[in-house]
Amino acid sequence: MTTSLPVSILCFLVGLAIVLAVGSSILRTLVVPRGVRSKLSASVLRATLGAYRFVAHRTTTYAARDAVLAYAAPTSLIITLATWLGLLFVGFTFLLFSFSPLDWAASFREAGSSLFTLGFASTDRGQLTAIDFIAAATGPVVVGLLIGYLPSLYAAYNRREVDVALLYARGGEPNWGPEIVGRHAIVNSSGELATLWRDWERWAADVAESHTNYPVLIHVRSAQPHRNWLVALLAVLDSAAFELACNPHNPQGPARVALRQGIVAIHDIARAEGIPVDDDPDPDTEIELPYEQFAEAYAMLSDFGYLMSRTPEEAWPHFRGWRVNYEHSAYELARRIDAVPAPWSGPRTPPLPEISPYRPVNRMPGGRSGRPVPGE
């Protein structure tokens, strides 16, 4: 079979473009540690998530939705690998066809034999042997890079989940900012909140770095359905904002630094998801959280023994001024990743009933069960 020169050149250009595009995607996804996103990998992730969300959004409970979505991010990794290998298969087929009198069937057979190192088809033509060698090296390299990528991915996941799991004893699950403050107040350990905020300052920096470099982590769900990294971060930020708003005379360093680092983390991750971010919003801008829910939480904390030097009316503008920096981005992220619908975490699409933190009635410290969570 002979092929005209224009057709050979066109096939060569198409094959080279496919191989280079896939190579660029692999480098951006697995090698370059700068959060440089690959459009191909991002498209596969979005398509996989879209398919799983299509099914999950037709369930009636959050537990069922979470059970479906738990498979979405891991599945996207397998589909991404299959997409890379499939496109490389096509690209090398075009290259082999452009350099030889082989027909399309023979070119496909030889490309597959080389790329997947099967070795059942080969030719003795020098120019094809070179392409065969390149294809034979490419297949194992791609698989090896992904295998090396997974330990880094799951190491970052484990670091994230340890502190999120530790927050259960401090703030219940799903996490909620006033619950964190209240549980510390009820056992007279409000002073330990500063240590919590310092720990979460570092956690926020780590998560911002890992989740922008490995965007699939944004969608990897926790082992427990009521546990979620974003809801946990939002709860810690709300607890710090509550302290700054209600107790301006207390030391503010740990709470302020944790808030600033948490805001940076949410903004960085939101940008990685294509969510518009306002880095300097007007502190007098209205927020979605209504004042009535803030006042209910204030009353609950007062009953728990949390000392506050401002009235709820005085504290509200300050709390709102902090929350406006992260509320919109956090709510949009929570909607996109279908986070557990905890209090003060925004609406879900389709809507789900709000789930309050679990609070044992008969096992609270000191025998106190406290006020109901707002919304119960």
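Before going into details, it helps to say that this report is about the structure given with it.

Reading the values: the criteria
- Residues numbered from 1 in each chain as written.
- Predicted model: local features only at pLDDT ≥ 70, side-chain atom pairs only at ≥ 80, totals over all residues.
- Heavy atoms only, no water.
- Helix = DSSP H or I, 4+ residues; strand = E, 2+ residues; numbered from the N terminus.
- Contact = heavy atoms within 4.5 Å.
- Buried < 20%, exposed > 50% of the residue type's maximum accessible area, 1.4 Å probe, protein only.

1. With respect to the environment of Arg-28
Alright, step 1. When you line up the elements, Arg-28 lands in helix α1 (residues 5-31).
Alright, step 2. As a C-alpha pair, Arg-28 and Leu-45 span 17 residues in sequence and 14 Å in three-dimensional space.
Alright, step 3. Residues contacting Arg-28, with those up to four places away along its chain left out, are Val-36, Arg-37 and Ser-38.

2. A closer look at unusual backbone geometry
Alright, step 1. A cis amide bond links Glu-173 to the next residue, Pro-174, at an omega of -5 degrees.
Alright, step 2. Inspection of the secondary structure assignment puts Pro-174 in the loop between α6 (126-171) and α7 (177-186).
Alright, step 3. Residue Pro-350 is reached from Thr-349 by a cis peptide bond, and omega for that bond is -10 degrees.
Alright, step 4. By secondary structure assignment, the location of Pro-350 is in the segment after α13 (327-336).
Alright, step 5. Located in the positive-phi region is Asp-338, a residue other than glycine, with phi close to 55 degrees.
Alright, step 6. Checked against the element boundaries, Asp-338 lands in the segment after α13.
Alright, step 7. Residue classification places Asp-338 among the buried positions, given a relative accessible area of 1%.

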